[in-house]
Amino acid sequence: MEPVQTPPQAPMPTVPSTPPTPDGPNPLRGGKKQGASEGSATWAPIDRVGLAICWALGLLFCAIAVAIVVYLLVQGIKFLRPEMLWTPAAAGFSEGETGGFSDALFGTLIVAVMGIALALPTGVAIAVWLVEYGRPAGLARVTEMTIEAIAGIPSIVLALFGTVIFSSTALGFLSRTTEGVVFGRSFFAASAMLSLVALPLIVASTREGLNSIPRHVREASYAVGKTKAATTRRILLPTCRPQVTTGAMLGLGRIIGDTAIIVVLLGATQNFSPVEGVGFPLNYLRGAGTTLTNFVYEASPTGNLNQPQKAYAAAFVLLLMVLALNAAVDVVHRRARKVGTWSH
Amino acid sequence: MDPFRSDSPLAPPPIRRLKLDDPEAAKEATEPLTPAAGSGPQQSGFVTAKRSVGAPQFSIRRMEIDGVSVHYGAKEAVKGVSLPVRQGEVLSLIGPSGCGKTTLLRSLNRLTELTSTATLTGRILLDDVDITEIEPTLLRRRVTMVFQQPNPFPMSVFDNIAYVLREQGSRRARKKSLEPKVHSALDRAGLFEEVKDNLDHPALKLSGGQQQRLCIARALAAEPEVLLLDEPCSALDPKSTQVIEDLIVKLRDDVAVVIVTHNLQQAYRIADHVAFMYLGDLVEYNSATALFGSPREQRTQEYVSGAFG
């Protein structure tokens, strides 16, 4: 027998040979897919009803959210004209003559910056103390309960509390004083109370971020002779930057959307009303003003101004700000995911 | 059929006894484990291990553990242990789980103090100074530790090492000035060749063995006098294990090395002195060849031959 030489061939990918099944489709060959993921056909009726309710509610609320955004989008594009953003409100007889809401826009930005500037360092510090130290345990529990209580207080109650505090003569330097009577309402007052609104969100997010760092990372840092301060500042806080940012963005969202504190503590004017006799910028910050939420409230059909077109335009701008914040959170998270996580 | 007869297919495999090389013939060997020809699980197999390290060139006494007991609350984890730790040699702590070897290791750089219920009695001296008199962070720079699970920080490879080198509070040192030290630490850990092209690569994306070598480089960057290793290879594949074992042997001249290991063969391969602990007691402390070849205590003999563990 002469040796049979098989010509050299390119190696073929080996496919596991499957025995033909006598009945039913071959699962490896495609055909009707069954058993890829379990269907609900085998479930008890109550579970199937539950699944149907989950689907229905999810779709319903998706639809509601989309409806709100789309409606505001449509109305806003219809009514928002760019000059509204840099024209202050003015007195007039029709919507075309009453200017824009630039003061409200700047007011929102000022209040947002000041509120977060107070809330962010305080919130992060509280969270770091709770997670890294937390002794004595009783004090830690009281702190946690206090933060949760602040989260639950309605903002109108916070506003009322703010009037009591900022109307005292000791804090008269934070607002205007007329003939010995402290007005008590200013950007300082509103920002201080708004920072309380954002504080619990920042504390919760930062705590979650710090707790998600495994204990052995801290040990690794101590084991090379680094202090607790260096570990916290150089390893832990940079690692939970996404969570801190999420907390700050959520807090910011709540601040710019808050109406009750603004209406009560910002003086209920339509434009900036700076204090006389004080230099820039304190004259504005100690004075009264308005924000987008206050403007929408006043300009809505049930408010004092009854300028519904401007109300929609302002609401649209507010919505854009919130969407931009959410997008920023997403960007931060995506960049953090590139660094990788611990595998254990 | 009686399942406990040794020729039935259901019989448990017999205990494999570790046959070790003649102590006089211990020389630098390159392959650690060669199975004896013709052995298999059916017969009582003899596995031959060769020591991969020669006798230590010198030894300087660096740390002294003197009658140390560690209690976690009421439970006594380490009972009255006394050991020397010398530079120029590798000391291995062996023993079954729960025998206190990790606790003893952690007490050497005062990491047990992080657990609030831990109390330590006895003395530990570093260069004749009681370690409780040295500030903890300074002590931990002189006695650094590498853990079982590789735990690099979530930063780049360069930043992991630079973090150790940067001083607390002072102005952040420039990257250029730290580069030589970072390179030398990575070189000592045997990682430089593999990462030198991109030192900004995120450390968490390295393989397990590379991450563990990075942790060793980080521990070496502090220029310690004693290096503690807590089962550094238990989470790694054999190839990485061999690389790290060679590295440990190379390091013993510069730092005193204390390694806790579950793996008896590893202890035989790389250790110069071995301390066997059982349930908190130091059962036997001897040179590696003596402890594995002719142990003094019955318990050591049983553990080393695999009767329990």
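Residues numbered from 1 in each chain as written. Chains lettered and ligands numbered in written order. Predicted model: local features only at pLDDT ≥ 70, side-chain atom pairs only at ≥ 80, totals over all residues.

Draft legend 1. Spatial organisation of the overall build of chain B. Of the regular secondary structure elements, chain B holds ten helices and 13 strands. Across chain B, every contact between residues at least 6 apart in sequence was considered, and the portion connecting residues at least 24 apart equals 70%. (Helix = DSSP H or I, 4+ residues; strand = E, 2+ residues; numbered from the N terminus. Contact = placed C-beta atoms within 7 Å.)

Draft legend 2. Quick peek at the nonpolar core. Grouped together as the largest cluster of nonpolar side chains are 150 residues, with contacts concentrated most on A190(A), M193(A), A198(A), A314(A), A217(B), V257(B) and V258(B). Setting aside residues up to four positions removed in sequence, M193(A) forms contacts with L158(A), A159(A), G162(A), I261(A) and L265(A). (Core = buried A, V, L, I, M, F, W, Y, C linked by C-beta atoms within 7 Å. Buried ≥ 20, exposed ≤ 12 C-beta atoms within 10 Å, placed from the backbone.)

Draft legend 3. Examining the sheet that holds strand β13 (residues 281–287) of chain B more closely. Residue and element names in this part refer to chain B. A sheet is described by the order of its strands in space; here six strands give the open sequence β9-β10-β11-β6-β12-β13, paired in mixed fashion. Whereas interior strands pair on both sides, the edge strands pair on one side only; in this sheet they are β9 (143–146) and β13. Neighbour-to-neighbour, the strand axes of the sheet open up by a mean angle of 20°, direction not taken into account. Inspection of the sheet shows strand β6 (residues 90–94) paired to strand β11 (residues 256–260) by four bridges, in the parallel sense. From the neighbouring strand, L93 faces β11, where its bridge partner is V260. Against the sheet, helix α1 (residues 101–108) touches β6, β9, β10 (226–230), β11 and β12 (273–278), its axis set at about 150° to β11. (Pairing = 2+ DSSP bridges. Axes fitted to C-alpha atoms, helices over the stretch in contact; angles between N-to-C directions.)

Draft legend 4. Representation of the environment of L108(B) within the structure. All names here are of chain B. Within the fold, L108 resides in helix α1. Its 22 C-beta neighbours within 10 Å are what place L108 among the buried residues. Separated by 30 residues in the primary sequence, L108 and V78 place their C-alpha atoms 12 Å from one another. Setting aside residues up to four positions removed in sequence, L108 forms contacts with M63, I124, V143, L228 and V258.

Draft legend 5. Up close: helix α6 (residues 208–221) of chain B. All names here are of chain B. Along its 14 residues, α6 runs 20 Å from first to last C-alpha, staying within 8% of the 20 Å computed at 1.5 Å per residue. Counting buried positions along α6 yields 13 of 14 residues, so the element is predominantly enclosed. Positive phi appears at E223, one or two residues downstream of α6, with a value of about 50°. (Expected span 1.5 Å × (residues − 1).)

Draft legend 6. How the structure looks around the packing of α6(B) against helix α7 (residues 238–251) of chain B. Residues and elements named next belong to chain B. In the contact formed by α6 and α7, the axes pass within 9 Å of each other and the chain directions differ by 20°. Our classification of the angle between α6 and α7 gives roughly parallel. Every pair of crossing elements has a handedness; the one defined by α6 and α7 is right-handed. In contact with G208, G209, Q212, R213 and I216 of α6, α7 contributes S240, V243, I244 and L247. Of the residues that constitute the contact of α6 with α7, the class distribution is four nonpolar, four polar and one charged. (Parallel < 35°, antiparallel > 145°, perpendicular 65-115°, else oblique. Left-handed = near helix turned anticlockwise from the far one by under 90°. Nonpolar A, V, L, I, M, F, W, Y, C, P; charged D, E, K, R; others polar.)

Draft legend 7. Quick look at the interface of chain A and chain B. Contacts between the two partners involve 19 residues from chain A, matched on the other side by 23 residues from chain B. Of all elements in the fold, only α6 (215–222) and α7 (228–239) of chain A reach the threshold of two or more residues within the side of chain A that touches chain B. In terms of residue class, the side of chain A that touches chain B is made up of nine nonpolar, seven polar and three charged.

Draft legend 8. Just helix α3 (residues 137–152) of chain A, in detail. Between the first and last C-alpha of α3(A) there are 23 Å, a value that for 16 residues agrees with the 22 Å anticipated at 1.5 Å per step. Of all 16 residues making up α3(A), only one are buried, and the element is barely covered by its neighbours.

Draft legend 9. The arrangement of the sheet that holds strand β7 (residues 118–126) of chain B in detail. All names here are of chain B. Read across the open sheet, the four strands follow the order β5-β4-β7-β8; overall the sheet is antiparallel. Of all the strands in the sheet, just β5 (75–87) and β8 (129–130) have a single pairing partner and so form its edges. Pairing between β7 and β8: two bridges, direction antiparallel. In the sheet register, L126 faces β8, and the bridge partner there is V129.

Draft legend 10. Up close: the confidence of the model for chain A. Looking at chain A as a whole, the pLDDT averages 84, with 88% of positions reaching at least 70. Within the model, the stretch residues 1–8 of chain A combines pLDDT values under 50 with zero contacts to residues more than four positions away or in other chains. (pLDDT = per-residue confidence, 0-100.)

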